[in-house]
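Fold and geometry: a report
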Amino acid sequence: MPVNEYPSGRAFPGVIGRTAEESEPAWPAPVRAPEDAPNVLFIVLDDTGFGQLGCYGSPIATPNLDRLAERGLLYNNMHTTALCSPSRSCVITGRNHHSNAMACITEMATGFPGYNGLIPFENGFLSEMLLARGYSTYMVGKWHLIPSSQETAAGPYDRWPLGRGFERYYGFLGGDTSQWDPDLVYDNHQVEPPRTPEEGYHLTEDLVDHAIEFISDAKQIDPDKPFYLHFCPGATHAPHHVPKEWADRYHGAFDDGWDAYREKVFARQKELGIVPRDAELSRHDPDVPAWESLTDDQRRLYARMMEVFAGFLSHTDEHIGRLLDHLATIGELDNTLIMAISDNGASAEGGPTGTTNEAQFFNNAPEPFEDSLAAIDEIGGPKYFNHYPWGWTFAGNTPFRRWKRETYRGGTSDPFLVHWPKGMRAAGEVREQYAHAIDMVPTVLDALGIEPPATIRGVAQSPLHGVSLAHTFDDPAAPSRRTTQYFEMMGHRSIYHDGWRAVCPWPGPSFAEAGKPFGEPISAETLAELDAKGWELYHVADDPAECHDLAEGQRDRLIAMIATWYVEAGKYDVMPVDASGLARLAGEKPLVAAPRDRFIYHPGTQSVPFFAGPRVLNRPHSITADVEIPDAGAEGVLLAQGTSAGGFTFYVKDRRLHYTHNWVGRELLHVASDTELSPGRHALRFEFEPHGQPDLAQGHGMPGRFQLYVDDRLAGDLDVPYTTPFAFNPGALTCGADPGSTVSDDYRAPFRFTGTLQTVTVDLSGELISDPEAELALHMARQ
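The following paragraphs examine the structure supplied in this document.

Along the protein chain, the regular secondary structure elements total 17 helices and 30 strands. Expressed along its principal axes, the backbone C-alpha trace of the protein chain runs to roughly 90 × 80 × 50 Å. Looking at the protein chain as a whole, 61% of its 783 residues qualify as buried. Pairs at least 24 apart in sequence give 75% of the contacts found in the protein chain among residues at least 6 apart. Summing over all exposed atoms, the protein chain offers an accessible surface of approximately 28800 Å²; the carbon and sulfur share of this is 51%. Of the charged side chains in the protein chain, 63 are positive and 109 negative; the average position of the first set lies 3 Å away from that of the second.

Written out as structure tokens, the structure reads:
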């Protein structure tokens, strides 16, 4: 934290006598940044591939990000970790992701130093460093740097943005959220969006509004005080949400398909000097069908899904432009060091066919193609939680192979722009030096003339792992200072060294054959076998898209690079190698609250994230509301969890008690009481009594009977053939209201209960039937 210091840096330099007359005062001076110190702006995009920005050869219009390249520098050799949270930890600390304990997303944390999901305080954030140097510090947008169990009102808050050096925060803590009805946090408390989708609300616009507000609030008081803004929109992570008119701008633009997209973008990248003129395009991915092999209806639907994505990216760029225009208006743009990056390659979480509702994928309930096609005109709107097919993922990473989560260059090579007209002479140039996300913090400190702090709030700091790129700003021929960089993501490994790249993919079948985009556990024997013959070798200095495997003819070089990977792994807490998914997810983790079977909720409190709430799916349970109905009657939600994409709601309407279960956004299973509720105090109860067995392979959770009770009298029941098998996502639970996207279309949000609601109690009993593979898919898709 910044402190008030006496000019000498010593103790009180004045004189203290017996009286004020005999004494001499001396005021401590607040820490201030040097005169004309630049502002710092990081823009961290989500799941945006190397070939998706206009300035990187894409047909998608991104004029505002393009102007950063035109007046600054475009880097064609920047790398990330291949996954969201790990990369974001590198961007903000300057240390490798395993050293940040962020080997993967925190939901898959294990009890090893590189894997526990708790970024150590000795790895200070850039916000903490600059706050102590007299900067205002703001975090806006996606955080996702804490365990999901710590995203609740119970805290702890020491790893929330305000606990890690940011003075103000507005955004969402988890891995993804709806752009129309987001889960918002302001500083350390939840808030609801200021408008509804019907009133024109969209998260990206809201985030930029708050970024501008935070900057203006301070500048109007202290115009000379610089700021650091860490701006992380939800875009372009799914759901791909955007106003329809933005998607319609691309009508017909992608009708020729993902294969043609790759060819056109690759040609444009050569024209722009982003790839060498003699570079080769990576092979057609075996998991991606050829565009010409699809039916007419498939091509029409998949093209529209890409139109929606393109509109989403252009819409995001438009609002980034508003932020840049504001900086220009207040005279700060040219003296703001801006770095824009994506956290990994484009995402394949839409699977081979894409989806209008990711909840269907999580719950093993694949959407019938006819249902997807019927939704074509509404994709991108508030009703859907959509993602494009992975053919567009593959195309979005042009010219590289594969995608997010894998350590081929399609997962790790990302756009990176630097803009600082007052601090560098070069403009509109490409830089080819090798770089990694860990280099961003050292570059900022170097440009600002700041040494990394020895301590932060009394905690001794670890050395930075990154190197500064500032020497490349005005010297295109400057040598790369980074000659070696390891990669590891869920057992998928690679290493770069002096123009060469060795890659060890997961063992076993491809995505299409395996049916799931993550690895299996690796035994010691399997690891030894992989190290003996599972590595590939590419001379990326001449073959940037990893087209030609030279492992057979360069065996000595490959063995040396594998050995170097192990040296780096030992240095940065990468060991043990763990490619498992289910075991990591199911392993024991520290809990914020003790396990229990009874949950008591109160109206007017914050919503509870899905993973911190009661697990009601696939088990017997009851929900009991203690209410007072006035003489005039009452209506409203007693308890709701989820959204229109799936969930349940327990509510009163038309003087009757209701319960609706929304099965993956496709079917509403509803029961109502047979009599009206009389005025007075009542215990209103819902019970789920399972019978039969779930069919998890079909997305069918436990069948059973819904029962409604009023003061222990059975008032309604319904036999249901199935329920949601695994998860609601989004899945926040709210007492006394259903804010945002409502679970049922029987009412409008927030439908707060108008009587007196004392408490709602959820009781769980019986054995929980779960599907670990579906749970893993859910967690991985949220990063």
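From this point, the narrative continues.
As a further point, take the sheet that holds strand β16 (residues 484-489). Taken together, four strands build an open sheet; the order of strands is β16-β17-β18-β19 and the sheet is antiparallel. Looking at which strands have only one partner, the edges of the open sheet turn out to be β16 and β19 (536-538). Direction aside, the axes of adjacent strands within the sheet are offset by 15° on average. Both strand β18 (residues 500-504) and β19 contribute to a ladder of three bridges, which runs antiparallel. Within β19, the residue paired with alanine 502 across the bridge is leucine 537. Across the sheet, helix α15 (residues 555-571) lies against β16, β17 (492-497), β18 and β19, angled at about 110° from β17, the strand it touches most.

Assignment of secondary structure puts isoleucine 320 in helix α7 (residues 296-329). Residue classification places isoleucine 320 among the buried positions, given a relative accessible area of 1%. For the pair formed by isoleucine 320 and proline 63, sequence separation is 257 residues and the distance between their alpha carbons is 10.0 Å.

Here we take up α7. For α7, with 34 residues, the first-to-last C-alpha span of 49 Å sits near the 50 Å given by 1.5 Å per residue. Among the 34 residues that make up α7, 25 are buried, leaving the element largely enclosed by the rest of the structure.

This part is about the nonpolar core. Grouped together as the largest cluster of nonpolar side chains are 77 residues, with contacts concentrated most on Leu41, Ile60, Leu229, Phe231, Trp392 and Leu417. It is α7 that provides the largest number of residues to this core, a total of 14 residues. Contacts of phenylalanine 231, omitting those with residues within four sequence positions, involve Leu41, Phe42, Ile43, Val44, Val140, Leu207, Val208, Ala211 and Ile320.

Under the definition given, this model contains 43 salt bridges. Taking the shortest distance from any N to any O, the salt bridge between arginine 300 and aspartate 297 comes out at 3.7 Å. Highlighted residues: arginine 300 and aspartate 297, both in helix α7, separated by three residues, approximately one helical turn. For arginine 300, a relative accessible area of 46% translates into the label partly exposed. When salt bridges that share partners are traced, they join Asp46, Arg88, Lys142 and Asp343 into one network.

What follows covers the packing of aromatic side chains. On inspection of all chains with the given rule, the structure shows 38 aromatic pairs. Between tryptophan 390 and tryptophan 403, the aromatic rings sit 5.3 Å apart at their centres with planes inclined by 25°, giving stacked as the arrangement. Of the two residues, tryptophan 390 sits in helix α10 (residues 390-396) while tryptophan 403 sits in the loop between α10 and α11 (409-412), which places them 13 residues apart along the sequence. Assigned by exposure class, tryptophan 390 and tryptophan 403 land together as buried. Aromatic side chains phenylalanine 599 and tyrosine 601 sit 6.4 Å apart centroid to centroid with 5° between the ring planes, which places their arrangement in the stacked category. In this pair, the class of phenylalanine 599 matches that of tyrosine 601, namely buried. Directly above the aromatic system of phenylalanine 125 lies the positively charged group of arginine 164, at a separation of 4.0 Å from the ring centroid.

What follows deals with the packing of helix α4 (residues 203-219) against α7. Viewed as axis vectors pointing N to C, α4 and α7 meet at an angle of 10°, and their least axial separation amounts to 9 Å. Between α4 and α7, the angle is such that the two are roughly parallel. Handedness of the crossing formed by α4 with α7: right-handed. On α7, the residues that touch Thr204, Glu205, Val208, Asp209, Ala211, Ile212, Ile215 and Ser216 of α4 are His315, Thr316, His319, Ile320, Arg322, Leu323, His326 and Leu327.

Next up on the list: unusual backbone geometry. Here the amide bond leading from methionine 575 into proline 576 is cis, since omega sits at 5°, within 30 degrees of zero. Of note, the amide linkage connecting asparagine 729 to proline 730 takes the cis form, showing an omega dihedral of 0°. As for its placement among the helices and strands, proline 730 is situated in the loop between β28 (713-720) and β29 (733-735). Here glutamate 546, not a glycine, exhibits a phi torsion of approximately 55°, which is positive. Assessed through its relative accessible area of 2%, glutamate 546 is described here as buried.

Residues separated by three or four positions in an α-helix point in the same direction, a consequence of the helix having 3.6 residues per turn. Relative to the 22 Å expected for 16 residues at 1.5 Å per residue, helix α6 (residues 257-272) spans 23 Å between its end C-alpha atoms, a close match to the ideal helical length. If you check which residues of α6 are buried, you get Gly257, Trp258, Tyr261, Arg262, Val265, Phe266, Gln269 and Lys270. Buried residues in α6 make contact with α7 and α10. With its phi angle positive at about 80°, glycine 273 sits one or two positions after the end of α6.

The rules we used
- Residues numbered from 1 in each chain as written.
- Predicted model: local features only at pLDDT ≥ 70, side-chain atom pairs only at ≥ 80, totals over all residues.
- Heavy atoms only, no water.
- Helix = DSSP H or I, 4+ residues; strand = E, 2+ residues; numbered from the N terminus.
- Buried < 20%, exposed > 50% of the residue type's maximum accessible area, 1.4 Å probe, protein only.
- Contact = heavy atoms within 4.5 Å.
- Areas by Shrake-Rupley, 256 points an atom, 1.4 Å probe, with all protein chains shown as cover.
- Lys, Arg positive; Asp, Glu negative; His and termini not counted.
- Charge placed at Lys NZ, Arg CZ, Asp CG, Glu CD.
- Pairing = 2+ DSSP bridges.
- Axes fitted to C-alpha atoms, helices over the stretch in contact; angles between N-to-C directions.
- Expected span 1.5 Å × (residues − 1).
- Core = buried A, V, L, I, M, F, W, Y, C linked by side-chain atoms within 4.5 Å.
- Salt bridge = Lys/Arg side-chain N within 4 Å of Asp/Glu carboxyl O.
- Phe/Tyr/Trp six-rings, centres within 6.5 Å; stacked < 30°, edge-to-face > 60°.
- Lys NZ or Arg CZ within 6 Å of the ring centre and 35° of its normal.
- Parallel < 35°, antiparallel > 145°, perpendicular 65-115°, else oblique.
- Left-handed = near helix turned anticlockwise from the far one by under 90°.

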